[in-house]
Amino acid sequence: VAAWIKSHLAAELAPLFAIDAVVDGRPGGPLPLVGGPGRGILYQLTEGLGLVPRKMVDQQLAALAPAERKVLARLGVRLGMESVYLPAMLRPRAMRIKAILWAAKAERTVPFLPSPGRVSLVVDPAVPSVFYEAMGYRVLGPRALRVDMLERFARHARGLAKAGPFAVDGPMLSLAGCRAEETAAILSALGYRRQGEGKGEGAACLFRRPHPKTTRPPERPRADSPFARLKKDWPTPS
């Protein structure tokens, strides 16, 4: 049974297992080994089941050589503005399996499973943020955004901020998949600064780009992940 489970997971979560092989010095096919910074990023990706906040790996990213970036790209790794992640792990089947792995490791039932295609979720205070991250969402204020949508949201906000103070607009609401008040809270969680209200009756709150010296609270260190536990229980035969 254990052999079947590992074989099934290796097939369903193939990108994670491919990355794990590189971290362990067992690259498959023509992929070369990567250096310390690259392996550090890949290790944290396996620990996070395909997602790590960019703030946690900024130093490693800065130290990556161009050749290493190409290797990460060939492994399917996306280096985003807000997250480093595996887009393949955002598919509904992969999300379901990762949620089950998280629940098994946490020794509790799966809190919920998002319907396919949901770009954001209302955050349940009773559910740990690591569960949302395990499935591929980032908790920002009252909502959890799927990381690919978060990247598009962050790029759009940055583009608006270049022209000066801006208000929440239609494309931003569509990307966030929530109301204006919640979208404003997401912007605040990303570090954007509120600047009063716009002109005219019923004008929306305006935002400015984050101050260069503004820092967000440090990310918590990752605990033993479901993927790490899987390796421990079923080590690869030598």
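Heads up: the structure comes first, above all this text.
Residues numbered from 1 in each chain as written. Predicted model: local features only at pLDDT ≥ 70, side-chain atom pairs only at ≥ 80, totals over all residues. Heavy atoms only, no water.

A. Local environment of the pairing of strand 6 (residues 143-146). Burial along strand 6 is two-sided: Arg143 and Leu145 and Ala144 and Arg146, pointing in opposite directions, are all buried. When strand 4 (residues 120-122) meets strand 6, the two strands line up antiparallel, connected through 3 bridges. Paired with Leu121 across the two strands is Ala144, which belongs to strand 6. As paired elements, strand 5 (residues 137-140) and strand 6 share 4 bridges and run antiparallel to each other. Across the sheet, the residue bridging to Val139 is Ala144, located in strand 6. In textbook terms, the turn of a hairpin is the stretch between consecutive antiparallel strands, and for strand 5 and strand 6 this stretch comprises 2 residues, one of which, Gly141, has a positive phi near 65 degrees. (Buried < 20%, exposed > 50% of the residue type's maximum accessible area, 1.4 Å probe, protein only. Helix = DSSP H or I, 4+ residues; strand = E, 2+ residues; numbered from the N terminus. Pairing = 2+ DSSP bridges.)

B. Layout of the pattern of salt bridges. What the rule picks out here adds up to 5 salt bridges. Its salt-bridge partner being Glu12, residue Arg93 comes within 2.6 Å of it at the nearest N-O pair. With Arg93 in helix 6 (residues 92-106) and Glu12 in helix 1 (residues 2-12), the pair connects residues that are 81 residues apart, well separated along the chain. Under the relative-accessibility criterion, Arg93 is labelled exposed at 54%. Glu182 is the salt-bridge partner of Arg143, the closest N and O atoms lying 3.5 Å from each other. A residue pair is termed long-range when its members are at least 10 positions apart, and Arg143 in strand 6 and Glu182 in helix 10 (residues 180-189) qualify at 39 residues. Each of the two residues, Arg143 as well as Glu182, counts as buried. (Salt bridge = Lys/Arg side-chain N within 4 Å of Asp/Glu carboxyl O.)

C. Region of interest: the sheet that holds strand 6. Read from one edge of the open sheet, 3 strands run 4-6-5, paired in antiparallel fashion. Edge positions in the sheet fall to strand 4 and strand 5, since each of these pairs with one other strand and no more. This sheet shows a mean twist of 25 degrees between the axes of neighbouring strands, independent of strand direction. Together, strand 5 and strand 6 form the strand contacts of helix 8 (residues 147-161), whose direction differs from that of strand 6 by roughly 95 degrees. (Axes fitted to C-alpha atoms, helices over the stretch in contact; angles between N-to-C directions. Contact = heavy atoms within 4.5 Å.)

D. Unusual backbone geometry, seen in detail. In this structure, Leu49 takes a positive phi of about 55 degrees despite not being glycine. Assignment of secondary structure puts Leu49 in the loop between helix 3 (36-47) and strand 1 (51-53). Not every positive phi belongs to a glycine, and Glu107 is a case in point at roughly 55 degrees. Along the chain, Glu107 falls in the loop between helix 6 and strand 4. Assessed through its relative accessible area of 74%, Glu107 is described here as exposed.

E. Looking closely at the nonpolar core. Of all hydrophobic cores here, the largest spans 43 residues; its most connected members are Leu13, Ile19, Leu42, Val77 and Val84. Not counting the four nearest positions on each side in its chain, Ile19 is found in contact with Leu42, Leu45, Thr46, Leu75, Val77 and Leu86. Counting residues in each nonpolar core, the second largest holds 21 residues, with Phe153, Ala161, Leu187 and Leu190 among its members. (Core = buried A, V, L, I, M, F, W, Y, C linked by side-chain atoms within 4.5 Å.)

F. Just the packing of aromatic side chains, in detail. Using the criterion set out here, one finds 6 aromatic pairs in the structure. Ring geometry for Phe112 versus Phe131: centroids 5.3 Å apart, planes at 80 degrees, classification edge-to-face. Here Phe131 lies in helix 7 (residues 129-135) and Phe112 lies in the loop between helix 6 and strand 4, a separation of 19 residues in the sequence. With a relative accessible area of 0%, Phe131 lands in the buried category. Considering the side-chain rings of Phe166 and Phe207, the 6.2 Å spacing of their centres and the 35 degrees angle between planes classify their relative orientation as tilted. Taken together, the residues Phe166 in strand 7 (residues 166-167) and Phe207 in strand 9 (residues 205-208) connect sequence positions 41 residues apart. Classification of Phe166 by relative accessible area gives buried; the value is 5%. Phe207 gets classed as buried once you look at its relative accessible area, which sits at 0%. Taken together, Trp102, Phe112, Phe131 and Tyr132 form an aromatic cluster joined through their ring pairs. (Phe/Tyr/Trp six-rings, centres within 6.5 Å; stacked < 30°, edge-to-face > 60°.)

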